[in-house]
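Results of the structural survey
Listed here are the chains, written in short residue letters.
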Amino acid sequence: MVRFALLSGWHVHTGWFAGELLKSGLGQFAVVWDEDEKRGREYARQFGADYTSSLEEALGREDVDAVMVECPTTRHREVIVAAARAGKHIFTDKALALTQEDSQAIREAVEAAGVKLAVSMEAKSTAPYRYLRQLIQEGKLGRVTSGYFRRAHGAALDPNMLPAYWFDKSQTGGGVTLDLGCHGLYLLPWLCGEPVRVTSRMGELYGTGSDEISSTILEFDSGAIGTAFTSFVCGKMENLLEILGTEGMAVITGTDPGNYRMLLQSDHLPGFETLSPVEQEWQDAEYPIVQFARLVESEEKSLPDFDLDAGCQLTRIIAGAYRSAAQGCTVDLG
């Protein structure tokens, strides 16, 4: 059983991820630290944990093996570096950090302390995306030449969907591109290869004070090109992934195992000579927080899909996208 400190309940994923951890039986919470005492005490009550207003006290406890970082993204460097120096294993919500300088400071602290770190890139647990990646690795689509990912919902339209502070850049560090958009910014490299250049355009339609809609083009070392579109001004929660290769293609829609739909064409799979539905029961992999709890209790050093390298790559892409949008240019990611 891994004993956790919850480092803030700021992130909207906190209850969801904590619930999955507790349901797994692999972890429990010993203490909650939160900048907001009311919120922190409520989570502590829910988890049967202690509450403290002192980050140093939470990290100094001997009954804490690991931390779950759900604090404002703008505080990630401060909190994660402190956790590493305290010798605690680290699970953090995305994004790892806001700048390459911050992600490098985190890397140095984690490697110096010899602790394990995982970043929640939960879309990589999605069953049809994992199946598609397997097909790509097996060459069933030939050479991947392009990808498109769209994730959208109506947070800028519905004032009750997310907390008001979700649009406060002093806490979030960015808008929809950083938040919802990051799923495409880590999925496309996972499927298409190493990103080398990024070009992004962003817009604000409803006066939230941050980007509410964006389209980001990623160029990969393989020559493939991918587009990640994201929006806070869509009437419904919506996901779509499309991958094209020289010998096949795939289109995936849906938001959970109950409504996933996959269309597949492959020159190498009988029955899929033309674009056809994949008929199967979909079961997602364990959530990253559960995989992380297993990692802490194992001899393994990292989770390859969620590790420090993946987190630093995502930070590099996000920072490049915002720079591109601000300057109206293409940014090299080397």
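Please refer to the structure higher up on the page.
How each quantity is defined
Residues numbered from 1 in each chain as written. Predicted model: local features only at pLDDT ≥ 70, side-chain atom pairs only at ≥ 80, totals over all residues. Heavy atoms only, no water. Helix = DSSP H or I, 4+ residues; strand = E, 2+ residues; numbered from the N terminus. Expected span 1.5 Å × (residues − 1). Polar contact = N/O pair within 3.5 Å; in protein donor to acceptor, adjacent residues only side chain to side chain. Pairing = 2+ DSSP bridges. Phe/Tyr/Trp six-rings, centres within 6.5 Å; stacked < 30°, edge-to-face > 60°. Buried < 20%, exposed > 50% of the residue type's maximum accessible area, 1.4 Å probe, protein only.

End to end, helix α10 (residues 308-327) covers 28 Å across 20 residues, agreeing with the expected 28 Å (1.5 Å per residue, within 8%). Regarding α10, its N-cap is Asp-307, as a side-chain oxygen of that residue lies 3.3 Å from the backbone nitrogen of Asp-309 further along. Gly-328 sits one or two positions beyond α10 and adopts a positive phi of about 65°.

What follows deals with the pairing of strand β12 (residues 248-253). Across six bridges, the pairing between strand β11 (residues 238-245) and β12 is antiparallel. Bridging across to β12, Leu-240 finds its partner in Thr-253. From the end of β11 to the start of β12, which pair antiparallel, there are two residues. Pairing between β12 and strand β13 (residues 261-266): six bridges, direction antiparallel.

This model, assessed by the stated rule, comprises 14 aromatic pairs. Relative to Phe-17, the ring of Trp-16 has its centre 5.1 Å away and its plane inclined at 45°; by these criteria the two rings are tilted. Under the relative-accessibility criterion, Trp-16 is labelled partly exposed at 37%. The exposure class of Phe-17 is buried, given its relative accessible area of 1%. Considering the side-chain rings of Tyr-165 and Trp-166, the 6.4 Å spacing of their centres and the 50° angle between planes classify their relative orientation as tilted. By way of ring pairs, the aromatic residues Phe-4, Trp-16, Phe-17, Phe-29, Tyr-43, Phe-47, Phe-91, Tyr-287 and Phe-292 are connected into one cluster.

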